[in-house]
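Chain by chain, the residues:
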Amino acid sequence: MKMILRVSVLILALFAAMNSAAYIDVNGTRYAACHDCETDEDFRAFAEAHYNEFNGPPVTVVVDGDNSFWLNKGTIVPGIIKQVRRNITRTVDRSNPSEPVHTITISYDLEPVSQASLDLYNDYIAELNAQVNQGVPTILAKNLGALDITVNGAVWLNNTDFMSDYAAAIESQVSNVMATSAFNPFFFVDKPIIARFNTTDNYSVEVFQKDGQWFHLFTWATGSQALMDTQGNFIETSFYYDKTSVCSTKITISFCREAQGNSSLIHVIDTLEEQQEQNLENPDNKGARRCRVDNCGYP
């Protein structure tokens, strides 16, 4: 009875949180993160709820783990990773030839994780640890993985139609990157795909994908730390970090922007100051120190 209640509560929690959840489909497999999964039944329930909510391929690779890894020392230990397959069985009872009974049974079964997925996951953990060993706290290391793409002929300055002009090219270039063997989906199991590219007029643009569309994250001029929105206005900074924000990291600086509503606020986190003050205990207290945009040393 306790197990039934636990699974029921888990499913309810999953449905409540899924609208903001990220996942990625690659080569017939869905990769997603479950932050509350512990038992095999949890992973099965997560995969079933995820499929019912979002549909998708029959195979789901689920990993556990916090979406911020709020640590400033030590190593990242790989979490639990499970592969769940949605199986459909069709049977026909012909005991009454005039009225055959068709039955469809759907099950969500655990199976060994493919070696390809295990290799990608191990590479992902190794990359995070490499960043941590270089002094980048894991809250920022986890936000690595923006895709570097090329958008030929992109012009930023005075182009108020920038996103509509280049959305198709961005989608095409990102698809090309995702088709390569070097692409690692685990960087995007619990955050949107982020892509960055340079324009012909010496600006760098970062965009993110949400609900199948591309949105502007921020832009900066080459050699400048000042971040701009789509109208070329400098983006105001706020004074906290929210783990639901979309973050992009360069060196020891992380810029985070609220994905909901394409907020006009940028949350700036300077990890060197964070480490010096040892102020990384709780990601939910929104108490991270920031640096000013014009003195962050970015990029």
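Our structure is the block above this text.
Residues numbered from 1 in each chain as written. Predicted model: local features only at pLDDT ≥ 70, side-chain atom pairs only at ≥ 80, totals over all residues. Heavy atoms only, no water.

> An account of the overall build of the protein is requested, with residue identities and associated values reported.
On a plain count of helices and strands, the protein comes out with six helices and 14 strands. Expressed as a percentage of its 299 residues, the buried residues of the protein come to 43%. Across the protein, the fraction of contacts at a sequence separation of at least 24, relative to all contacts at a separation of at least 6, is 61%. Accessible surface, the protein: about 15,100 Å² in total, of which carbon and sulfur atoms supply 50%. (Helix = DSSP H or I, 4+ residues; strand = E, 2+ residues; numbered from the N terminus. Buried < 20%, exposed > 50% of the residue type's maximum accessible area, 1.4 Å probe, protein only. Contact = heavy atoms within 4.5 Å. Areas by Shrake-Rupley, 256 points an atom, 1.4 Å probe, with all protein chains shown as cover.)

> Run through the sheet that holds strand 7 (residues 194–198), naming residues and quoting values.
Spatial ordering of the open sheet is given by 6-7-8-9-10, a layout of five strands whose pairing is mixed. The open sheet has two free edges, formed respectively by strand 6 (147–148) and strand 10 (227–228), since each of these has just one partner strand. With two bridges connecting them, strand 6 and strand 7 associate as parallel partners. Along strand 7, the bridge assignment pairs D148 with R196. (Pairing = 2+ DSSP bridges.)

> Outline helix 5 (residues 162–178), supporting the account with residue identities and numerical values.
Taking 1.5 Å per residue as the helical rise, helix 5 with its 17 residues ought to reach 24 Å, and the 23 Å between its terminal C-alpha atoms agrees with that figure. Looking at helix 5, one finds that the buried residues are F162, M163, Y166, I170 and V174. Those residues of helix 5 hidden inside the fold are in contact with strand 6, strand 7, strand 8 (203–210) and strand 9 (213–221). (Expected span 1.5 Å × (residues − 1).)

> Summarise the packing of aromatic side chains; cite the residues concerned and give the values.
If you walk through the whole model with that rule in mind, you get 13 aromatic pairs. An aromatic cluster is present here, built from Y31, Y121, Y124, F186 and F187 joined pairwise through their rings. (Phe/Tyr/Trp six-rings, centres within 6.5 Å; stacked < 30°, edge-to-face > 60°.)

> Give a detailed account of the state of the cysteines, specifying residues and quantitative values.
For the structure shown, the criterion picks out one disulfide. Through a disulfide, C34 is tied to C37; the S-S separation comes to 2.1 Å. Judged by the sign of its S-S torsion, about 90°, the bond between C34 and C37 is right-handed. No difference in accessibility class separates C34 from C37, as the two residues are buried. (Disulfide = S-S within 2.5 Å.)

> Please provide a residue-by-residue account of the pairing of strand 3 (residues 59–63), values included.
Counting buried positions over the five residues of strand 3 gives five, a clear majority of the element. Side chains V59, V61 and V63 of strand 3 all project onto a buried face; the interleaved residues T60 and V62 project onto the opposite face, where all are buried too. Where strand 2 (residues 29–33) and strand 3 come together, five bridges link them in parallel fashion. Its bridge partner being in strand 3, R30 is matched across the sheet by T60. Note that the unit made of strand 2, helix 2 (residues 40–54) and strand 3 has a crossover that is right-handed. Relative to strand 4 (residues 81–93), strand 3 runs antiparallel, the two being bridged by five bridges. (Right-handed = clockwise from strand over helix to strand, strands pointing away.)

> Talk me through a nonpolar patch on the surface; I want residue IDs and the actual numbers.
Residues I88, I104 and I106 make up a contiguous nonpolar surface patch of about 270 Å² in total accessible area. With respect to the secondary-structure elements, I104 resides in strand 5 (residues 101–111). Residue class for I104 comes out exposed when judged on its relative accessible area of 56%. (Patch = residues over 30% accessible without salt bridge, like charges linked within 9 Å, V, L, I, M, F, W, Y side chains within 5 Å. Salt bridge = Lys/Arg side-chain N within 4 Å of Asp/Glu carboxyl O.)

> Just give me the short version of the pattern of salt bridges, but keep the residues and values in it.
Per the counting criterion, the structure on display carries six salt bridges. Across the pair D25 and R30 runs a salt bridge whose closest N-O atoms are separated by 2.8 Å. Owing to a relative accessible area of 35%, D25 belongs among the partly exposed residues under this scheme. A salt bridge links D40 to K82; the shortest N-O distance between them is 3.0 Å. Of this pair, D40 sits in helix 2 while K82 sits in strand 4, and the two are 42 residues apart along the sequence. Relative accessible area serves as the criterion here: at 34%, D40 is assigned to the partly exposed category. Since its relative accessible area comes to 24%, K82 is described here as partly exposed. A network of salt bridges, in which partner residues are shared, links D148, R196 and E206.

None of the figures reported here should be taken as evidence of function without further support.
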